[in-house]
Amino acid sequence: VGVAEWDGEADGLELMRHADLAMYAAKRDGKSCVRLFEKGMSGVASERMTLEQELRRAIAERNIEPHFQPVIDTGSGNVVAVEMLARWQRNNQPVPALGFIRLAEDLGLIGQLSMQLLEKGLKALRRFRSHYPELRLQINISPLQFADPGLAASILQLVAEYDLPSTALAVELTEGAMSLYPEQVEQTMQQFVDAGVSLHLDDFGTGYSSLARLRDLPFDTVKLDRSFVMMLGEGDTTLSQAVFDMATGLQMDLIAEGVENQAEYEELQAIGYRQMQGFMFARPMPESALIDWLRAQAAA
Ligand code: C2E
Ligand code: CA
Ligand code: CA
């Protein structure tokens, strides 16, 4: 929410514009807050407008690229999947993914961006699979995309167009998706499950979903958030253990994310985590670098 106070001079339109600027500031500050208009906000607003225009152009020109981060089965040492993560170079500077993803959501462009990344990702996956025929692609879906009742159908059609089985795909969504469009999400998830697409609950533990609801939704995998992995490094295993017990009890697989060092790795192993992803194994990388990396893995 943005609030503007009447200074005794501004006309109605200007007052509305001030409230708008304050609302943008509130969105920038993490959305769930209220900001009061201040004079300095006008400069920041024009910066945001430039960013918006550049993002619109980057999407129109298909300049946002997918990077890929390996997911390792630490039991066998095999690479089982790669997660696709969006990367935007703006004036040769990387823009943080969460920032431009949120902006694309605000601009109503997330669906378009997501589908063009998927096309690039599927094309790359075909190449990766010549080294690792079983390799799967994990994609992130924004909560807002569930507003489209044709979401699963259009994703599955694209997968088929690239001659890939739908079992080559895993879809990751966060708890937030389930509160925004609960019914659509259930239908869409069911369509994915029927097609054999794996469903991952991302960032588990950082939202507010009820355990009963989790049990009733067809997730097959829980991703342990990096914030819990970090606690392991400080000797606190309680929450990682609790997530492990819960997922195992519900017959779900687990992936630990953001594993950076040996200490975290060993604690996760001791609890029973097998699938892991993190800088310790590999960073997200562009298609060509991943192909080199896969070749090196295959040779080792
Ligand atoms: P996420 O889905 O939880 O992705 C994992 C994030 O952790 C990625 O950040 C990845 O680069 C980072 N990461 C991986 N290993 C490590 C590690 O060992 N240590 C640390 N500190 N970080 C690690 P990234 O790429 O900045 O993406 C942030 C978030 O933006 C993602 O979180 C996801 O929610 C969203 N995102 C990225 N690409 C897309 C996309 O194409 N579509 C949608 N809807 N969301 C996306
Ligand atoms: Ca993810
Ligand atoms: Ca995550």
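Residues numbered from 1 in each chain as written. Chains lettered and ligands numbered in written order. Predicted model: local features only at pLDDT ≥ 70, side-chain atom pairs only at ≥ 80, totals over all residues. Heavy atoms only, no water.

Asker: Please explain the packing of aromatic side chains as it appears in this structure.
Answerer: The description of two aromatic rings rests on the distance between their centres and on the angle between their planes. If you walk through the whole model with that rule in mind, you get four aromatic pairs. Judged by centre distance (5.0 Å) and plane angle (80°), the rings of F68 and F128 are edge-to-face. Separated by 60 residues along the polypeptide, F68 in strand 3 (residues 65-73) and F128 in helix 4 (residues 110-128) bring together distant segments of the chain. Here Y265 and F281 contribute two aromatic rings whose centre-to-centre distance is 6.1 Å and whose plane-to-plane angle is 70°, an arrangement assigned as edge-to-face. With Y265 in helix 11 (residues 262-271) and F281 in the loop between strand 11 (275-276) and helix 12 (287-299), the pair connects residues that are 16 residues apart, well separated along the chain. When the ring centre of F279 is taken as origin, the NZ or CZ atom of R283, which lies over that ring, is 3.9 Å away. (Phe/Tyr/Trp six-rings, centres within 6.5 Å; stacked < 30°, edge-to-face > 60°. Helix = DSSP H or I, 4+ residues; strand = E, 2+ residues; numbered from the N terminus. Lys NZ or Arg CZ within 6 Å of the ring centre and 35° of its normal.)

Asker: Got a minute to help me understand the site of ligand 1 in this structure?
Answerer: Ligand 1 sits among 22 residues. The nearest are Q69, R87, D202, E260 and F279. Interatomic distance of 2.8 Å between a side-chain N/O atom of R87 and an oxygen atom of ligand 1. Between ligand 1 and S142 there is a distance of 3.5 Å, counted from a nitrogen atom to a backbone nitrogen or oxygen. The protein chains hide 80% of the 800 Å² of surface that ligand 1 would expose on its own. Going through the elements one at a time, strand 4 (78-90), helix 3 (97-106) and strand 8 (198-204) are the ones with two or more residues in the shell around ligand 1. Among the elements that make up the shell around ligand 1, the one with the highest residue count is strand 4 (four residues). The residue inventory of the shell around ligand 1, partitioned by class, reads 10 nonpolar, five polar and seven charged. (Near = heavy atom within 4 Å. Polar contact = N/O pair within 3.5 Å; in protein donor to acceptor, adjacent residues only side chain to side chain. Areas by Shrake-Rupley, 256 points an atom, 1.4 Å probe, with all protein chains shown as cover. Nonpolar A, V, L, I, M, F, W, Y, C, P; charged D, E, K, R; others polar.)

Asker: Would you take a moment to explain helix 1 (residues 12-28) for this structure?
Answerer: Between its first and last C-alpha atoms helix 1 spans 25 Å; for 17 residues at 1.5 Å apiece the expected length is 24 Å, and the two agree. H18, A19, L21, A22, A25 and A26 are the residues of helix 1 that are buried. For helix 1, the arc enclosing every buried residue in end-on projection is 155°, short of the 170-degree limit, so these residues lie on one face. Exposed and oriented more than 90 degrees from the buried face of helix 1 are G12, L13 and M16. Here the buried face of helix 1 lies against strand 1 (2-3), strand 2 (35-36) and helix 2 (41-60). Residue G30 follows helix 1 closely and has a positive phi angle near 110°. (Expected span 1.5 Å × (residues − 1). Buried < 20%, exposed > 50% of the residue type's maximum accessible area, 1.4 Å probe, protein only. Arc of directions from axis to C-beta. Contact = heavy atoms within 4.5 Å.)

Asker: Any chance you could explain the environment of V229 here in plain terms?
Answerer: As for its position among the elements, V229 is in helix 9 (residues 226-233). Residues V229 and Q297 lie 68 residues apart in sequence; the distance between their C-alpha atoms is 25 Å. Residues contacting V229, with those up to four places away along its chain left out, are L224, E257, G258, V259, E264 and L268.

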